[in-house]
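Overview (structure and organization)
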Amino acid sequence: QQQVKQSPQSLIVQKGGISIINCAYENTAFDYFPWYQQFPGKGPALLIAIRPDVSEKKEGRFTISFNKSAKQFSLHIMDSQPGDSATYFCAASKRSGNTPLVFGKGTRLSVIA
Amino acid sequence: EAGVVQSPRYKIIEKKQPVAFWCNPISGHNTLYWYRQNLGQGPELLIRYENEEAVDDSQLPKDRFSAERLKGVDSTLKIQPAELGDSAVYLCASMSWGSNEQFFGPGTRLTVL
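Overview of the structure. Owing to the predicted nature of the structure, the values given are computational and were not obtained by experimental measurement. (Residues numbered from 1 in each chain as written. Chains lettered and ligands numbered in written order. Predicted model: local features only at pLDDT ≥ 70, side-chain atom pairs only at ≥ 80, totals over all residues. Heavy atoms only, no water.)

A few points about the pairing of strand β11 (residues 108-112) of chain B
Residue and element names in this part refer to chain B. A one-sided burial pattern is seen for β11, the buried positions being T108, L110 and V112 and the unburied ones R109 and T111. Sheet analysis places strand β2 (residues 10-13) next to β11, joined by four bridges and oriented parallel. In the sheet register, I12 faces β11, and the bridge partner there is T111. Relative to β11, strand β9 (residues 88-95) runs antiparallel, the two being bridged by three bridges. Its bridge partner lying in β11, Y90 is registered against T108. (Buried < 20%, exposed > 50% of the residue type's maximum accessible area, 1.4 Å probe, protein only. Helix = DSSP H or I, 4+ residues; strand = E, 2+ residues; numbered from the N terminus. Pairing = 2+ DSSP bridges.)

Quick look at the structure:
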């Protein structure tokens, strides 16, 4: 059972454009939703995270939008740059108890000049 | 601050051979996770430690996989014997108690021939 569904699988965006990646979750007990960025040969690194008591969180060019009723959340990368080219994973977990992250399958983003 | 250290970075073995991976978490992080990341997929939990206690190992294939975290610091993940399907990247992550941010190491890429 895939608890976190991510789309699209791959994405090509022009430099300066907006990259949008979507995720949907099933477990209503999840209350922590991070996005991780992974470059080839590296481990995932936390990019930005949101809790369900807010609908949006922005950090620089990165924004998470959260829709609790639809059980969906998305990552928006504004003014996308070639250096943003990486694989992005959404994830979900419960805040309490140090529970492990459940990851989506990832989106490979390519930003072309 | 040093990040999560893993070794080796790469390992190529013949099937049926044993293999071991080592992880040194961030100093002071009580929680340690081992994840497996198959090609083109998100990481999936194998085992979680709180200090030296394995508190979630339901996804660990216990017939061939074993793990230990002596003294609640470094951890070792072992596969014996390895199978072709074990080819993947094995990621170690650590987290301090009460935080939600998991810090990942660079992973060990295992190829089983």
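Side note on the side chain of S75 of chain B
Residues and elements named next belong to chain B. Tracing the chain through its elements places S75 in strand β8 (residues 75-79). Classification of S75 as buried rests on a relative accessible area of 0%. Looking at S75, its side chain comes within polar contact range of the main-chain oxygen of E68, at 2.9 Å. Among residues more than four places away in sequence, those in contact with S75 are F21, W22, C23, L32, W34, Y49, E68 and R69. (Polar contact = N/O pair within 3.5 Å; in protein donor to acceptor, adjacent residues only side chain to side chain. Contact = heavy atoms within 4.5 Å.)

As for the pattern of salt bridges
In the structure shown here, the tally under the stated rule is eight salt bridges over all chains. Here D84 of chain A and R61 of chain A are joined by a salt bridge, their closest N and O atoms 2.8 Å apart. With D84 of chain A in the loop between β8 (72-77) and β9 (86-92) and R61 of chain A in the loop between β6 (56-59) and β7 (62-67), this pair connects stretches of sequence that are 23 residues apart. Among the salt bridges present, the one from R36 of chain B reaches D86 of chain B, with a minimum N-O distance of 4.0 Å. On the criterion of sequence distance, the pair formed by R36 of chain B in strand β4 (residues 31-37) and D86 of chain B in the loop between β8 and β9 is long-range, its members being 50 residues apart. In this structure R36 of chain B comes out as buried when scored by relative accessible area, which is 17%. (Salt bridge = Lys/Arg side-chain N within 4 Å of Asp/Glu carboxyl O.)

Concerning the packing of aromatic side chains
Scanning all chains against the criterion turns up 15 aromatic pairs over all chains. Relative to F73 of chain A, the ring of W35 of chain A has its centre 5.7 Å away and its plane inclined at 70 degrees; by these criteria the two rings are edge-to-face. Residue W35 of chain A is located in strand β4 (residues 33-38), and its partner F73 of chain A is located in strand β8; the two are separated by 38 residues in the primary sequence. In this structure W35 of chain A comes out as buried when scored by relative accessible area, which is 0%. A centroid spacing of 5.9 Å and a plane angle of 85 degrees characterise the contact between F103 of chain A and Y35 of chain B, whose relative ring orientation is edge-to-face. (Phe/Tyr/Trp six-rings, centres within 6.5 Å; stacked < 30°, edge-to-face > 60°.)

Remarks on the nonpolar core
Formed by 24 residues in total, the largest nonpolar core has its most connected members in F33, W35, F73, L75 and Y88 of chain A. Where this core is concerned, the elements lending two or more residues are β2 (10-14), β3 (19-25), β4, β5 (45-50), β7, β8, β9 and β11 (107-112) of chain A. If one sorts the elements of this core by residue count, β9 of chain A sits on top with four residues. When sequence neighbours within four positions are dropped, the list of residues in contact with F73 of chain A reads I21, N22, C23, Y25, F33, P34, W35, I64, S65, F66, C90 and A91 of chain A. Residues V4, I26, Y49 and L110 of chain B belong to the second largest nonpolar core, which totals 21 residues. (Core = buried A, V, L, I, M, F, W, Y, C linked by side-chain atoms within 4.5 Å.)

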